[in-house]
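Structural characterization, general
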Amino acid sequence: MVQFRSSQPCQLPGSAADEQPQHCSALYNSPIVQPGAAARAVPRTKGDRDPAPRVPEPCAAFAHPAPIPLKPKAEAEAIEKELLEDYRFGRQQLIEMWGHACAVAVTKAFPLPSLPRKQPTVLVVCGPAQNGAIGLVCARHLRVFDYEPTIFYPKRSLDPLYRDFTTQCEKMDIPFLSYLPTEVQLINDAYNAVVDAVLGAEAELGEGRGPCAGILATLKHVRIPIVSLDVPSGWDVEAGSSGGISPDVLVSLMAPKQCARRFLGRQHFVAGRFVPYDVQKKFELNPPDYPGTECVVALRAPQ
């Protein structure tokens, strides 16, 4: 399909912190979910193709012995810089690990047998920067895991690395939408969930009103579940958001960001097992225990 290319920069609307207390304000005294614990499919009434509105619900869990700290944007950037410069991780390597972990989180939140639609369709919406590249890798791994992803990537990056990720998806016959339907019902009818990889922690507050504004307006009104990668699009990394999209699932990369205290969804995963022990200790990440060979673990919001 023909890919829409926008000439406008992708920007992030400014947002202020919600003054009211949120359910996740104490999330990081948090227990974690038993491995394999699955989210239930969104219920539907007979004859109604729309899933019911999303309702946050707690997950069965066991205790994590100490709080998991929330990281500001500057500290998250410092951790990534140390991995790249001191530990000689490659950027492609990090994006690949993060994208794989995000796909694993999607399979845990929405196992194939639980999906409300016969076809295991997932819409992956990608922005032009690193979070979008993570979304591309996530889509590729979802295809390997027998889901049927479709990608909307309106402003393709010219970075050769990101172009390689795009080529990999194309070679695996993952379809790309040429436009995102503005009629939300079309999205609700076609997909089981949406992966939000539009804007991430790298987005600057006040980036704004280009093609991403229309994307966020559409995502804000979809009734199927949304999975946000690292930072929900439209949110400030530290203050969060009171008027942006409301994801059902959040996948934090390396460590939860400060905006996670505003997260009201059902499940919050952390994908940071690969972070070397000395980096964990230096930045006081206090990661949860990752059972077995798991690369992600689910945190539980307080009841």
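Preceding this section is the structure that the text describes.
Residues numbered from 1 in each chain as written. Predicted model: local features only at pLDDT ≥ 70, side-chain atom pairs only at ≥ 80, totals over all residues. Heavy atoms only, no water.

1. Brief notes about the overall build of the protein chain
- The number of helices and strands found in the protein chain is seven helices and 10 strands.
- Taken across its 303 residues, the protein chain has 54% of its residues classed as buried.
- Counting every atom, the protein chain has about 13,300 Å² of accessible surface; 53% of that belongs to carbon and sulfur. (Helix = DSSP H or I, 4+ residues; strand = E, 2+ residues; numbered from the N terminus. Buried < 20%, exposed > 50% of the residue type's maximum accessible area, 1.4 Å probe, protein only. Areas by Shrake-Rupley, 256 points an atom, 1.4 Å probe, with all protein chains shown as cover.)

2. Here's the deal with the environment of Ala 133
- Mapped onto the secondary structure, Ala 133 falls in helix α3 (residues 130–144).
- Between the C-alpha atom of Ala 133 and that of Arg 163, which follows or precedes it by 30 residues, the distance is 8.9 Å.

3. Let's talk about unusual backbone geometry
- A positive phi angle is found at Met 254, which is not glycine, with a value near 75°.
- Checked against the element boundaries, Met 254 lands in the loop between β8 (249–253) and β9 (267–271).

4. Structural notes on the packing of aromatic side chains
- As enumerated under the stated definition, the model contains two aromatic pairs in all.
- Measuring from ring centre to ring centre gives 6.0 Å for Phe 89 and Phe 274, while their planes differ by 70°; the resulting arrangement is edge-to-face. Of this pair, Phe 89 sits in the loop between α1 (73–85) and α2 (91–109) while Phe 274 is found in the loop between β9 and α7 (277–282), placing the two residues 185 residues apart along the sequence.
- Assessed through its relative accessible area of 14%, Phe 89 is described here as buried.
- Ring centres 6.4 Å apart and planes at 70° place the aromatic pair Trp 98 and Phe 274 in the edge-to-face group. A residue pair is termed long-range when its members are at least 10 positions apart, and Trp 98 in helix α2 and Phe 274 in the loop between β9 and α7 qualify at 176 residues.
- When its relative accessible area of 2% is taken as the criterion, Trp 98 is described as buried.
- Taken together, the ring pairs connect Phe 89, Trp 98 and Phe 274 into an aromatic cluster. (Phe/Tyr/Trp six-rings, centres within 6.5 Å; stacked < 30°, edge-to-face > 60°.)

5. A closer look at the nonpolar core
- Core analysis: the biggest nonpolar cluster contains 52 residues, and Ile 151 and Val 251 have the highest contact counts within it.
- Looking at this core, the element that brings in the most residues is α2, giving 10 residues.
- Setting aside its immediate chain neighbours within four residues, Val 251 contacts Cys 102, Ala 105, Val 227, Ser 228, Leu 229, Asp 230, Phe 269 and Ala 271. (Core = buried A, V, L, I, M, F, W, Y, C linked by side-chain atoms within 4.5 Å. Contact = heavy atoms within 4.5 Å.)

6. Here's the deal with the pattern of salt bridges
- As enumerated under the stated definition, the model contains seven salt bridges in all.
- Where Lys 108 meets Glu 294, a salt bridge forms, and the shortest distance between an N and an O atom there is 2.9 Å. Placement of Lys 108 in helix α2 and of Glu 294 in the loop between α7 and β10 (297–299) is noted, with a sequence separation of 186 residues between them.
- Lys 108 sits in the buried class, given a relative accessible area of 16%. (Salt bridge = Lys/Arg side-chain N within 4 Å of Asp/Glu carboxyl O.)

7. Points about the packing of α1 against α2
- Contact geometry of α1 with α2 gives a least axis separation of 9 Å together with a crossing angle of 125°. With respect to α2, the axis of α1 lies oblique. Of α2, the residues touching α1 (which contributes Glu 80, Leu 83 and Leu 84) are Arg 91, Leu 94 and Trp 98.
- For the contact of α1 with α2, the residue count by class is four nonpolar, no polar and two charged. (Axes fitted to C-alpha atoms, helices over the stretch in contact; angles between N-to-C directions. Parallel < 35°, antiparallel > 145°, perpendicular 65-115°, else oblique. Nonpolar A, V, L, I, M, F, W, Y, C, P; charged D, E, K, R; others polar.)

8. Side note on α3
- Counted at 1.5 Å a residue, the expected span for α3 with its 15 residues is 21 Å, and the 22 Å between its end C-alpha atoms agrees.
- In terms of burial, α3 is largely enclosed, as 13 of its 15 residues are buried.
- Just downstream of α3, Asp 146 is the residue with a positive phi angle, here 75°. (Expected span 1.5 Å × (residues − 1).)

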